[in-house]
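Observations on the three-dimensional arrangement
Here's the letter readout for the chains.
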Amino acid sequence: MHILLVGPGALGCLLAAVISRTLDRTSDHLAILDHSLERAALLNSQGFVYEADGQQHRTSVPVITDPAASGAADALVLCVKSHDIARSLRACQPLLTEGTLLLFLQNGIAHLEDEQATGRAAVAYGTTTEGATLLGPGHVRHAGHGVTHLGFRAPNPDASLNRLGLLADIFRRAGLPTITTERIIDRLWAKLFINVGINALTAIHDCPNGDLLTLPGARERMRTAIAEAEMVARMQGIRIDGDPFAATEEVCRKTAGNISSMLQDIRRRRRTEIDAINGAVAKAGRVLGLETPENERLLRQVREIESGYTTTPLLDC
Ligand code: KPL
């Protein structure tokens, strides 16, 4: 299988590092696509560093900047932030041919709502609770182990189903527990509830995930934001398993020392995924005539932080 990972952010680097260590190079091929010439040159010369349980492993994965250099890809795994999807898909157009599997691995649900230029590719979605922190270009810390779910939104022809199964096998061999599911949209929402409850609040309080359980007022805001998201989800026919607030508290405990992806973005003065998370819940609520004041407030507060950046983004991820 020829796999092209798009975007060397935290998740892209994690996948590159773990897959390259277990890849059967006689039959499979892995590369990563980066839009930045400068960073691609750096990654090609110094390779990737994967850090887990206090140990560091070095690995190399070819980094290309021109999709045409990739040759036909069997699977294109889109690891870019939600707001970078349109630009990445434009660049990847020549690769989105019949038989190519295009896997979206973004936080939030904004990429489900917008019509995407996916060409003739078979589109699948994924969500993961693996924790990845980017410490520098190509240097990723595996900050917590989780589960990855992959699936098609609607029933798909056998060939692409098979391709998704093969990709799931490659993920599993790389040590990432991976489940293919027919309920991927419910899974995306299950992860969304967690991001709705954690990401914006950690960005506002500038704190690790675990602190939200004890900071005055934070836990209540988390509960309210998740309850609003649940209301929107139910109206959209999403099946909700268990108690999303309890699940989010559990994630806070398990990832207590983690810096959420949104706070990582803010510390690097980068645009956050607020529009795809609390913003998407608020937007869906407006369309359905449902009020979501807590999500609206979280959206406003994070946008205020973003608009207060006084320097340009750091170029280390
Ligand atoms: O997905 C995450 C993120 O930071 O985006 C959580 C689950 C909140 C872990 O940090």
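In case you missed it, the structure is sitting above this.
Worth saying up front: this structure is predicted, and the values here are computed from it rather than measured.

Quick word on the overall build of the chain
Secondary structure summary: the chain contains eleven helices and twelve strands in total. Reported as C-alpha extents along the three principal axes, the dimensions of the chain are approximately 55 × 40 × 35 Å. When each of the 317 residues of the chain is scored for burial, the buried share is 55%. A separation threshold of at least 6 residues defines the contact pool for the chain, and within that pool the share at least 24 residues apart is 71%. Carbon and sulfur atoms provide 51% of the accessible area of the chain, an area that totals close to 13900 Å². Positive and negative side-chain charges in the chain, numbering 33 and 36 respectively, have mean positions lying 2 Å apart.

Quick look at the packing of helix 6 (residues 184-205) against helix 8 (residues 244-254)
It is the contact of helix 6 with helix 8, at a shortest axis distance of 9 Å, that shows an interaxial angle of 60°. With respect to each other, helix 6 and helix 8 are oriented oblique. With respect to the hand of their crossing, helix 6 and helix 8 are arranged in right-handed fashion. When helix 6 is examined against helix 8, the residues Phe 193, Ile 194, Gly 197 and Ile 198 are found in contact with a partner set consisting of Pro 244, Thr 248, Val 251 and Cys 252. Across the contact of helix 6 with helix 8, the residue classes tally to six nonpolar, two polar and no charged.

A look at the side chain of Arg 268
Checked against the element boundaries, Arg 268 lands in the loop between helix 9 (261-267) and helix 10 (278-288). Residue Arg 268 is classed as buried on the basis of its relative accessible area of 10%. There is a polar contact of 2.7 Å between the side chain of Arg 268 and the backbone oxygen of Leu 134.

Quick look at the packing of aromatic side chains
Applying the stated criterion to the full structure yields two aromatic pairs. With centroids separated by 5.4 Å and ring planes inclined at 20°, the aromatic side chains of Phe 104 and Tyr 125 adopt a geometry described as stacked. Taken as a pair, Phe 104 in strand 7 (residues 101-104) and Tyr 125 in strand 8 (residues 122-128) lie far apart in primary sequence, 21 residues in all. With respect to class, Phe 104 is no different from Tyr 125; both count as buried.

Thresholds applied
Residues numbered from 1 in each chain as written. Predicted model: local features only at pLDDT ≥ 70, side-chain atom pairs only at ≥ 80, totals over all residues. Heavy atoms only, no water. Helix = DSSP H or I, 4+ residues; strand = E, 2+ residues; numbered from the N terminus. Buried < 20%, exposed > 50% of the residue type's maximum accessible area, 1.4 Å probe, protein only. Contact = heavy atoms within 4.5 Å. Areas by Shrake-Rupley, 256 points an atom, 1.4 Å probe, with all protein chains shown as cover. Lys, Arg positive; Asp, Glu negative; His and termini not counted. Charge placed at Lys NZ, Arg CZ, Asp CG, Glu CD. Axes fitted to C-alpha atoms, helices over the stretch in contact; angles between N-to-C directions. Parallel < 35°, antiparallel > 145°, perpendicular 65-115°, else oblique. Left-handed = near helix turned anticlockwise from the far one by under 90°. Nonpolar A, V, L, I, M, F, W, Y, C, P; charged D, E, K, R; others polar. Polar contact = N/O pair within 3.5 Å; in protein donor to acceptor, adjacent residues only side chain to side chain. Phe/Tyr/Trp six-rings, centres within 6.5 Å; stacked < 30°, edge-to-face > 60°.

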